[in-house]
Amino acid sequence: MQYFIAGPAVVNMFSNDMLVSTSRTLINNSLSVEVSAEDIRGGFGHQLFGKYFHTSALSMELEDSMWHLDWLAHALGSDIAYGADIMQSEELTIGAAGAGTLTGTPADGKVYIAIKGTDAYFTFDVTGQAFTASAPFYNQIVCARYIATDATARYIRVSANIVPKEVKLIARCQLFNGSAADGTSATRVGYVEIVIPRFLLDGATSLSLTSTGAATTPLKGTALAVPSDECDEASGYYAEIIEILDTSNWYDNAFALVVPGGNIDVDMPATVTLAVNAYMNGGGYIRVDNADLTFTSLDTGVATVNAAGVVTGVGAGSTAIQFVSDDNALLMGSVVVDVVV
């Protein structure tokens, strides 16, 4: 079967194990993996014997059609705070003696007023919310501007010493049917999920403000290596790319069922629960839920096994326990159980 990825992803951003942002309105997100290579050459003719790959990097760029203050905060290494001094505007009428009263309280004790319809602003001192304008403003309707605190406003401060933050990104893209002979009428068949455990934002951003369009919110950064959890793996990894098919089953690509470690010892009257792995075409394995298997003991006088894969020793000796997939009778395996009295 053939599939293709189309459209932008839905991206979730995590910081300190908290989901801080979900973007469903991306117009672009691109993943780039790079690696440098050195030729290994020698001998007559400076022959090529191999290549040594090094200096790998994985980066991602995102562009959202909507505004994301939290993106900018993480990219610039800032924290979002509440309560900011912002410019307020209002219309009011000045009294016969120049008296004026604002609805808000200027943070710096200043108000800037202009007769409505003009752009000539004059500055006056404010006490609380009251001020007195000069004669040209008597009995005039004016536009007033002043700086006041808005307790609900969110803001970030762009430091001169920018230290971008590290986050975790999970991007999910749509996967579509690209084959006419796969026997399904479905268009979207699943997803591809890209998990980047350590994503270091690069601290650079730009907002393009024009008279003919809306500004997008950009974000980009580079993945940092995460230590591998495999015992024999010396190197780390940058990301996991996961294919998720809507109609897939665990047994579709499995070719063998195996109990890792070989023979199982059971000391009477103890019990042992079997752990079965399915080995997959193309490499790798998964742990199979015992509820998806049928277990059978070939000698119940030595050991019995129940539907959950729990083996109970009955008498000294050895027997094989067989297990077969409930959904694919051709997928089976067995393990030898040695019962010790």
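Read on for a plain summary of the structure. Remember, predicted model here, so these are calculated numbers, not experimental data.

So, how was this worked out
Residues numbered from 1 in each chain as written. Predicted model: local features only at pLDDT ≥ 70, side-chain atom pairs only at ≥ 80, totals over all residues. Heavy atoms only, no water. Helix = DSSP H or I, 4+ residues; strand = E, 2+ residues; numbered from the N terminus. Rg over C-alpha atoms; globule rule 2.2 N^0.38 Å. Buried < 20%, exposed > 50% of the residue type's maximum accessible area, 1.4 Å probe, protein only. Contact = heavy atoms within 4.5 Å. Areas by Shrake-Rupley, 256 points an atom, 1.4 Å probe, with all protein chains shown as cover. Lys, Arg positive; Asp, Glu negative; His and termini not counted. Charge placed at Lys NZ, Arg CZ, Asp CG, Glu CD. Core = buried A, V, L, I, M, F, W, Y, C linked by side-chain atoms within 4.5 Å. Pairing = 2+ DSSP bridges. Axes fitted to C-alpha atoms, helices over the stretch in contact; angles between N-to-C directions.

### Overview of the overall build of the protein
1) Next: Summing up its helical and strand segments, the protein has 1 helix and 24 strands in all.
2) Next: In summary, the protein has a C-alpha radius of gyration of 34 Å against a globular reference of 20 Å for 341 residues, an excess of more than 25%.
3) Next: For the protein, the spread of C-alpha atoms along the three principal axes comes to 110 × 70 × 45 Å.
4) Next: The 341 residues of the protein split such that 32% are buried.
5) Next: In the protein, 62% of the contacts between residues at least 6 apart in sequence involve partners at least 24 apart.
6) Next: Looking at the protein as shown, the accessible area adds up to about 19900 Å², and 53% of this sits on carbon and sulfur atoms.
7) Next: Averaged over its 15 positive side-chain charges, the protein has a centre that lies 13 Å from the centre of its 36 negative ones.

### Here's the deal with the nonpolar core
1) Next: Core analysis: the biggest nonpolar cluster contains 24 residues, and Trp250, Leu257, Phe295, Val311, Ile321 and Val337 have the highest contact counts within it.
2) Next: Of all the elements in the fold, those that place two or more residues in this core are β15 (254–258), β16 (264–267), β18 (277–280), β20 (293–297), β21 (303–305), β23 (317–325) and β24 (332–340).
3) Next: Looking at this core, the element that brings in the most residues is β24, giving 3 residues.
4) Next: In contact with Ile321, not counting residues within four places along its chain, are Leu274, Phe295, Thr296, Ser297, Val305, Val311, Gly333, Ser334, Val335 and Val337.

### Considerations on the pairing of strand β4 (residues 47–64)
1) Next: Note: strand β3 (residues 26–42) against β4, 15 bridges, orientation antiparallel. Bridge pairing links Leu31 to Met60 in β4.
2) Next: Hairpin connection, β3 to β4: the antiparallel pair is bridged by 4 residues, and Gly43 has positive phi, about 75 degrees.
3) Next: In this structure, β4 lies alongside strand β13 (residues 217–223), joined through 6 bridges in antiparallel fashion. In the strand pairing of β13, Leu62 is matched with Leu219.

### Quick word on the sheet that holds strand β10 (residues 141–155)
1) Next: Taken in spatial order, the 6 strands make up an open sheet running β5-β10-β7-β8-β9-β6, and their pairing is antiparallel. With partners counted over all chains shown, the strands left at the sheet margins are β5 (81–93) and β6 (99–101), one partner each. On average, each strand axis in the sheet is tilted by 35 degrees relative to the strand beside it, whichever way the strands run.
2) Next: In this sheet, strand β8 (residues 122–127) lies alongside strand β7 (residues 110–115) in antiparallel orientation, the contact comprising 4 bridges. Opposite Tyr112, over in β8, you have Thr123 as the bridge partner.

These results come straight from atomic positions and should not be treated as a statement about function.
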